[in-house]
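Structural overview
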Amino acid sequence: MPDRPAHTRVHLVRSTDLTGDTAQSGGMRRLEAVSGKSVGSSALWTGETHVAPATSSSDHHHGESETSIYVVSGRPRFVFHDGEGEVVLQTGPGDYVYVPPWVPHREENPDPDHPAVVVISRTTQEAIVVNLPALTPLED
């Protein structure tokens, strides 16, 4: 079906077809699955993120994109600043996390032996990542 337009067919993206050719933050590795580049999506990005043992990502946000996170394995922590101090959300397999647009945050994997793996979906077709020098609160 390669001669059919991308928007008229269902796409299969195999785990072996994921690519790391996407925006990255220090301390983690993002693998792109569904995007404008891979399947022609117009408003969705989905992929995996791997956070190595005993590692924290850089502080960052995802611009205008809403982010939904599903924890596959490990016990990653999600850290953001609520205006008074850092808030740590401890997660485990099966948990979901929602990150609103523009909210600075970071992921941490305190486990010294095992990586944390999450599946991420965003409301933009590309993985917007804006790395920051520090975790700062948003203005109202």
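Conventions and cut-offs
- Residues numbered from 1 in each chain as written.
- Predicted model: local features only at pLDDT ≥ 70, side-chain atom pairs only at ≥ 80, totals over all residues.
- Heavy atoms only, no water.
- Helix = DSSP H or I, 4+ residues; strand = E, 2+ residues; numbered from the N terminus.
- Buried < 20%, exposed > 50% of the residue type's maximum accessible area, 1.4 Å probe, protein only.
- Contact = heavy atoms within 4.5 Å.
- Pairing = 2+ DSSP bridges.
- Axes fitted to C-alpha atoms, helices over the stretch in contact; angles between N-to-C directions.
- Patch = residues over 30% accessible without salt bridge, like charges linked within 9 Å, V, L, I, M, F, W, Y side chains within 5 Å.
- Areas by Shrake-Rupley, 256 points an atom, 1.4 Å probe, with all protein chains shown as cover.
- Salt bridge = Lys/Arg side-chain N within 4 Å of Asp/Glu carboxyl O.
- Core = buried A, V, L, I, M, F, W, Y, C linked by side-chain atoms within 4.5 Å.

**Things to note about the overall build of the chain**
A count of helical and extended segments in the chain gives one helix and eleven strands. Put simply, the chain runs from its N terminus to its C terminus through helices and strands in the order β-α-β-β-β-β-β-β-β-β-β-β. Looking at the chain residue by residue over its 140 residues, the buried ones come to 36%. If you take every contact in the chain between residues at least 6 apart in sequence, the share linking residues at least 24 apart comes to 71%.

**Topic: the sheet that holds strand β2 (residues 45–51)**
The strand order across the open sheet formed by five strands is β1-β2-β10-β5-β8, and the pairing between neighbours is antiparallel. Edge positions in the sheet fall to β1 (28–34) and β8 (96–99), since each has one partner strand and no second. The average undirected angle you get between the axes of adjacent strands in this sheet is 25°. Here strand β5 (residues 67–73) runs beside β8; their pairing, made up of four bridges, is antiparallel. Residue pairing in the sheet places tyrosine 70 in a bridge with tyrosine 96 of β8.

**Notes on the pairing of β5**
The sheet contact formed by β5 and strand β10 (residues 116–122) spans six bridges and is antiparallel. Each bridged residue has a counterpart across the sheet, and for threonine 67 the counterpart in β10 is arginine 122.

**Digging into a nonpolar patch on the surface**
Nonpolar side chains collect at one region of the surface, where Tyr70, Val72, Tyr96 and Val119 lie side by side and expose about 370 Å² of accessible area between them. The topology assignment puts tyrosine 70 in strand β5. Exposure remark for tyrosine 70: the relative accessible area of 32% places this residue in the partly exposed category.

**Observations regarding the pattern of salt bridges**
Inspection of the entire model under this criterion finds five salt bridges. Salt-bridge contacts for lysine 37 lead to glutamate 32; the nearest nitrogen and oxygen are separated by 3.9 Å. Taking the shortest distance from any N to any O, the salt bridge between glutamate 86 and arginine 106 comes out at 2.9 Å. Of this pair, glutamate 86 sits in strand β7 (residues 86–90) while arginine 106 sits in strand β9 (residues 105–109), placing them 20 residues apart in sequence. Glutamate 86 gets classed as partly exposed once you look at its relative accessible area, which sits at 48%. A single network of salt bridges, built from pairs that share partners, joins Asp59, Arg77, Glu86, Arg106 and Glu108.

**Let's talk about unusual backbone geometry**
The bulk of non-glycine residues show a negative phi, and the bulk of peptide bonds are trans. Despite not being glycine, alanine 54 shows a phi value in the positive range, around 50°. Along the chain, the position of alanine 54 falls in the loop between β2 and β3 (55–56). Owing to a relative accessible area of 56%, alanine 54 belongs among the exposed residues under this scheme. With phi around 70°, tryptophan 102 is a residue other than glycine that occupies positive phi space. With respect to the helices and strands, tryptophan 102 occurs in the loop between β8 and β9. Tryptophan 102 gets classed as partly exposed once you look at its relative accessible area, which sits at 48%.

**Side note on the nonpolar core**
Formed by Trp45, Ile69, Val71, Phe78, Val97, Val99, Val103, Val118, Ile120 and Ala127, the largest nonpolar core amounts to ten residues. Broken down by secondary-structure element, the contributors of at least two residues to this core are β5, β8 and β10. If sequence neighbours within four positions are ignored, valine 71 has contacts with Pro76, Thr91, Gly92, Pro93, Gly94, Asp95, Val117 and Val118.

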